[in-house]
There are 2 protein chains.
Amino acid sequence: MRPVKVLEHVVPIGALAERTGVKVETIRYYEQVGLLPEPERSEGNQRRYGRAHVERLAFIKHARDLGFAVESIRTLLRLSDTPGMACDEAHAISAGHLKEVRDKIARLRSLEAELARIATVCSGGVAACDCAIIEALADHARCEHHNH
Amino acid sequence: MRPVKVLEHVVPIGALAERTGVKVETIRYYEQVGLLPEPERSEGNQRRYGRAHVERLAFIKHARDLGFAVESIRTLLRLSDTPGMACDEAHAISAGHLKEVRDKIARLRSLEAELARIATVCSGGVAACDCAIIEALADHARCEHHNH
DNA sequence: ACTTGAAGCTATAGTGACTATAGGTTGTAG
DNA sequence: CTACAACCTATAGTCACTATAGCTTCAAGT
C-alpha cells in the first residue's frame, strides 16, 4: 500500500473552487475578510483545505446565492459555531432578509409597469415617435410610477 | 425696477439639489463623469445652473429611478441631443432594461420562496429547532432553489 | 534529472454609483 | 463687519467582488 501522501479531503484552492462553485479569487477574498478561516499551508506556502472548509464555504455560497449580505453571513456563522446558539437571532436575520427581498420585488414590479408603458408608447411606428421614450423620461409629470 | 441680479432660473447647486431631489454630492459626481455639462461659475467660482440644467438633471433622475445604468443614460442623453435621432436605439435600450428588470424579478421570486420555506421551518418553537435555519443554509441538498 | 506549463502566491487597483470626510473659500443676513 | 450656512476641491470609503502584474510552486512528461 502506498503512503497516503494526499488525503482525499485535503485539497488545493482550485479543487475547493471547483467543488463549491466559488471562484479562487473569491475564496481568497473570503479568507481576507474573515469569513473563511486561514487553512494550513503546503511546504511551498500553498493553501490546503480540509473537509471543514468545504462545508463552511458551501454554507457561505448558499447564503450568498440567497442574497444574504456578507455581514449577515458572518453572524450566522458565528451562531452556528456557538453550541447552545440563539436560534431567535438566526430567525430574525432570515425574516429581515425575506422582508428586504419582498420590498425589492415590489419596487421592481412598479418599475416594470412603468418601463412597459414607456416601451409601448414608441412601438407604433416612426410616425408617433420623436421620440416618445425620451419624452417619457424627460417628462416626469406624465409618469405613473410614484415610488419616488 | 431693481436690476435683475439673480435670474429666477439661475440657481446655485443647493437649490438645484432641492428642486430635483438629487443630492449635491451626486450632482457634482454627475458633472465629473460627464452626464451633466459643466455650468457657469460665479465670480467666487461657485456653480450657477440654468433652466437647461434643471431639465437635464430631472431626466437623469427619472431614468436612474427607473434603474437605468449611468452608461445607458449617457446614450439616451446623446440620442436626445441629436436632432433626427435614432428612436430605435432608445427603444432597444428601454426594452433591454425591461428584460433585465423582469429577469431580476423572477430571480427574486425564487429567492423569496426559498427564504419563506427556510423561515417557517423554525417558527414552530424552540423544540424542533437546533437550528433549522442554519441547517437549511448548510445543507444545500434539501434546497428547492435551483437557480444556482 | 530536467523542462514546461498550469496552478498557486501576494499586493494592488478597478468596478458602479455614489457617500463621506477634511480643510479650505464664498455668499449673505443681521 | 461678523457669523455662519453653503459652497469648493481632493481624496478615501462603501459592497462584494474581479482583474492585473509579477512572481513561485507543483506535477506530469521526456
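The structure contained in this document is the topic of the report that follows. (Residues numbered from 1 in each chain as written. Chains lettered and ligands numbered in written order. Predicted model: local features only at pLDDT ≥ 70, side-chain atom pairs only at ≥ 80, totals over all residues. Heavy atoms only, no water.)

**Looking at the protein's contact with DNA strand C**
Worth spelling out the cut-off: One heavy atom within 4 Å of a molecule or strand is enough for the residue carrying it to be called near that molecule or strand. Two N or O atoms count as a polar contact when they lie within 3.5 Å, although within protein this holds only if one can serve as hydrogen donor and the other as acceptor, and sequence-adjacent residues are included solely when both atoms are side-chain atoms. Runs of H or I in DSSP of at least four residues are treated as helices and runs of E of at least two as strands, each being numbered from the N terminus. Any residue that is not Ala, Val, Leu, Ile, Met, Phe, Trp, Tyr, Cys, Pro, Asp, Glu, Lys or Arg is counted as polar, Gly included; the first ten are nonpolar and the last four charged.
Near DNA strand C you find 19 residues, and of these Gly-14, Arg-28 and Arg-47 of chain A together with Tyr-30 and Arg-64 of chain B are the closest. Within 4 Å of the protein, the atoms of DNA strand C are drawn from sugar and phosphate moieties in a proportion of 90%. With respect to DNA strand C, the side chain of Arg-41 of chain A contributes an N or O atom lying 3.0 Å from a phosphate oxygen. Taking Gly-44 of chain B, its main chain carries an N or O atom lying 2.9 Å from a phosphate oxygen of DNA strand C. For the surface near DNA strand C, the elements supplying multiple residues, two or more each, are helix H1 (13-20) of chain A together with helix H2 (24-32) of chain B. Per-element tally for the surface near DNA strand C: the top contributor is H2 of chain B, with three residues. Within the surface near DNA strand C, the residues separate by chemical class into six nonpolar, seven polar and six charged.

**Looking at the packing of aromatic side chains**
Residue and element names in this part refer to chain A. In plain terms, the rule: Any pair of Phe, Tyr and Trp rings, taking the six-membered ring for Trp, is counted once the centres come within 6.5 Å. Such a pair is stacked with planes under 30 degrees apart, edge-to-face with planes over 60 apart, and tilted for the rest. Buried, partly exposed and exposed residues are distinguished by accessible area as a fraction of the type maximum, computed with a 1.4 Å probe on protein chains only: under 20%, between the cut-offs, and over 50%, respectively.
All chains considered together, the criterion is met by two aromatic pairs over all chains. With centroids separated by 5.9 Å and ring planes inclined at 50 degrees, the aromatic side chains of Tyr-29 and Tyr-30 adopt a geometry described as tilted. Taking the relative accessible area as the measure of exposure, Tyr-29 reaches 40% and is therefore partly exposed. Residue classification places Tyr-30 among the buried positions, given a relative accessible area of 8%.

**A short note on the protein's contact with DNA strand D**
Taken together, the neighbourhood of DNA strand D is formed by 19 residues, with Tyr-30 and Arg-64 of chain A together with Gly-14, Arg-28 and Arg-47 of chain B sitting nearest. Taken together, the sugar and phosphate atoms account for 89% of what DNA strand D places within 4 Å of the protein. In the environment of DNA strand D, a phosphate oxygen lies 3.5 Å from a nitrogen or oxygen atom belonging to the backbone of Val-70 of chain A. Looking at the surface near DNA strand D, the elements that each hand over two or more residues are helix H2 (24-32) of chain A together with helix H1 (13-20) of chain B. Examining the composition of the surface near DNA strand D, we find that three residues originate from one element, H2 of chain A, more than from any other. Looking at the surface near DNA strand D, its residues break down into six nonpolar, seven polar and six charged.

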